[in-house]
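Topology and contacts: notes
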Amino acid sequence: MNEDTYNEMNQLHESGGAVATVDQLIQTLRDDKNYDRLFDALLLKKRLEMGVPVVRPTSFDNLPEDRRAEFEEHYVNAAREIGSLHLEAGSIPRAWIYLRTIREPELIVAAINALEISQDVDEELVDIALYQGVAPAKGLEMLLASHGTCNSITVLDQQFMQLEPQVRQECAALLAQTIYRDLTATIKYEVERKQGSAPTEETLRELITGREWLFAEDNYHIDVSHLHAVIRFCRSLDANRDEVRLATELTEYGAQLSPQYRYAGDPPFEDYYTAHHHFFNALTDTDRDAALDYFRDQLAGDAPDSDKQLTAYHLVDLLRRIDRTEDALDIAAKYLLSVEDQLEFSFAELCAETGRYDKLMEVSRAQHDPVGYAAALVEQARTP
């Protein structure tokens, strides 16, 4: 805005008054696409109409209590309008300032998810999408394009369990695709170099079958720490996702690595790739009983109680996901009652999920928990 604008405002105020001046200001700011100032002007107009001080137009001070809701509604509408205008102008970060304030992220989510991914990524967009949790899967995709796999895995590892389950799946699936694609391409190159012609096999499983020489002399074909992390992320995948097959084949690759590259995990995943292979087999109903027996055998062994509790926790999670909740209930009752808080596990919720309030009453009684017993009694009576 130039000096003429201010002179015109003075003249208009003298001839037309305050309302005309503010209306003209709003139009000028809208025409100039000065949206941040337009937000202030829209609220200035509302305060003028309400007859309250206008020097701090966005403030909630000096409002009559019976008209506060009216101003709040106008504030929300103005923020929504300015956010939308910034989006139309192509500025997601500026739009987010307003839409975040009024807790309406939907337009930002849609705008971010519609973006084309390139290596030249706006760091502000990565921050909003990934670190602020607006569209984490798309944010991870941006980070992969701009910063590569290593940085992306490190970032995701730090916040993976804070993400919503569906978002965890999307992120795990994206990384599984990335690792699988990169590893398969490297293996194909190695095979072609060795045999003098491109391999006809397409899957990782087919490429490594019968080619033990790929792993000779402690050889590996991808950063093994990346492989380790991505397989762990893939435990969050639902059985019907294609990426579970990719994860299964990645475990088959990992199982052939030199022992020095097969890092142990926490129970029941000490034998990391073998254990995860069984986990994914159980999830996808591939020789499921044998896969489940692998984890049950660990419960039957001589491991410390703390290890058995971790094993039971993962086995219960797996059983719930494959609709064997009765089995899960028995294992939870035996191993997890004393560690519910540490593992963020609720036996009561599992009983409710299975409709086994009789089991909850039995356990509550044994634990001298009259409140849990009463709750189970009430819920059982409510159950048709």
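Shown above is the structure to which this text applies.
Residues numbered from 1 in each chain as written. Predicted model: local features only at pLDDT ≥ 70, side-chain atom pairs only at ≥ 80, totals over all residues. Heavy atoms only, no water.

Moving on, we get to the layout of surface pockets. To find leftover empty space, one rolls a probe the size of a water molecule over the atoms. Here the largest pocket defines a volume of roughly 1100 Å³. In this structure, the largest pocket is lined by 33 residues; those nearest its centre are Met161, Arg168, Tyr313, His314 and Asp317. Put simply, the parts of the chain that give the lining of the largest pocket at least two residues each are helix H9 (165–195), helix H11 (224–233), helix H13 (272–283), helix H15 (305–321), helix H17 (340–343) and helix H18 (347–354). Partitioning the lining of the largest pocket into residue classes produces 13 nonpolar, eight polar and 12 charged. A volume near 190 Å³ is recorded for the second largest pocket. Taken together, 10 residues form the lining of the second largest pocket, with Leu25, Leu29, Arg37, Asp40 and Ala41 sitting closest to its centre. Going through the elements one at a time, helix H1 (3–16), helix H2 (18–31) and helix H3 (35–50) are the ones with two or more residues in the lining of the second largest pocket. Counting residues per element, the lining of the second largest pocket draws most heavily on H3, at four residues. Residue composition of the lining of the second largest pocket, grouped by class: eight nonpolar, no polar and two charged. (1 Å grid on protein atoms, 1.4 Å probe; cavity = no way out; pocket = protein on both sides within 12 Å on 5 of 7 lines; lining within 4 Å. Points joined across faces, edges and corners; volume = space filled by probe spheres on them. Helix = DSSP H or I, 4+ residues; strand = E, 2+ residues; numbered from the N terminus. Nonpolar A, V, L, I, M, F, W, Y, C, P; charged D, E, K, R; others polar.)

Let us look at the pattern of salt bridges. Between side chains of opposite charge, a pair can form as their charged atoms come close. Per the counting criterion, the structure on display carries 27 salt bridges. Note that Arg232 is salt-bridged to Asp157, the shortest N-O span being 3.0 Å. Placement of Arg232 in helix H11 and of Asp157 in helix H8 (residues 136–159) is noted, with a sequence separation of 75 residues between them. For Arg232, a relative accessible area of 28% puts it in the partly exposed group. Among the residues examined, Asp157 registers a relative accessible area of 36% and is labelled partly exposed. Note that Asp358 is salt-bridged to Arg356, the shortest N-O span being 2.9 Å. Using a relative accessible area of 23% as the deciding quantity, one classes Arg356 as partly exposed. One salt-bridge network, held together by shared partners, links Lys46, Arg67 and Glu70. (Salt bridge = Lys/Arg side-chain N within 4 Å of Asp/Glu carboxyl O. Buried < 20%, exposed > 50% of the residue type's maximum accessible area, 1.4 Å probe, protein only.)

On to a negative patch on the surface. Taken together, the side chains of Asp120, Asp122, Glu123, Glu124 and Asp127 make up a negatively charged region of the molecular surface. Structurally, Asp122 can be placed in the loop between helix H6 (106–113) and helix H7 (123–131). (Patch = residues over 30% accessible without salt bridge, like charges linked within 9 Å, V, L, I, M, F, W, Y side chains within 5 Å. Areas by Shrake-Rupley, 256 points an atom, 1.4 Å probe, with all protein chains shown as cover. Lys, Arg positive; Asp, Glu negative; His and termini not counted. Charge placed at Lys NZ, Arg CZ, Asp CG, Glu CD.)

What follows covers the side chain of Thr21. Residue position: Thr21 is located in helix H2. For Thr21, a relative accessible area of 9% translates into the label buried. In this structure Thr21 touches Met9, Leu12 and His13, once residues within four positions along its chain are discounted. (Contact = heavy atoms within 4.5 Å.)

Before going further, it helps to spend a moment on the side chain of Thr149. Mapped onto the secondary structure, Thr149 falls in helix H8. Thr149 has contacts with Leu144, Thr178, Ile179, Asp182 and His226, leaving out every residue within four places of it along the chain.

Let's shift gears to the nonpolar core. One finds Leu227, Tyr253, Leu336 and Phe347 to be the most contacted residues of the largest nonpolar core, which totals 78 residues. Residue contributions to this core peak at 12 residues, all from H9. Contact partners of Phe347, with chain neighbours within four places excluded, come to Leu329, Ala332, Ala333, Leu337, Glu340, Lys359, Leu360 and Val363. Grouped together as the second largest cluster of nonpolar side chains are 39 residues, Leu43, Leu63, Phe71 and Tyr98 included. (Core = buried A, V, L, I, M, F, W, Y, C linked by side-chain atoms within 4.5 Å.)

This paragraph deals with H8. The terminal C-alpha atoms of H8 lie 10 Å apart, and with 24 residues this falls more than 12% below the ideal 34 Å at 1.5 Å per residue. Of all the bends in H8, the greatest, near 130°, is centred on Gly148. (Expected span 1.5 Å × (residues − 1). Bend = angle between axes of the 7 residues up to and from the residue.)

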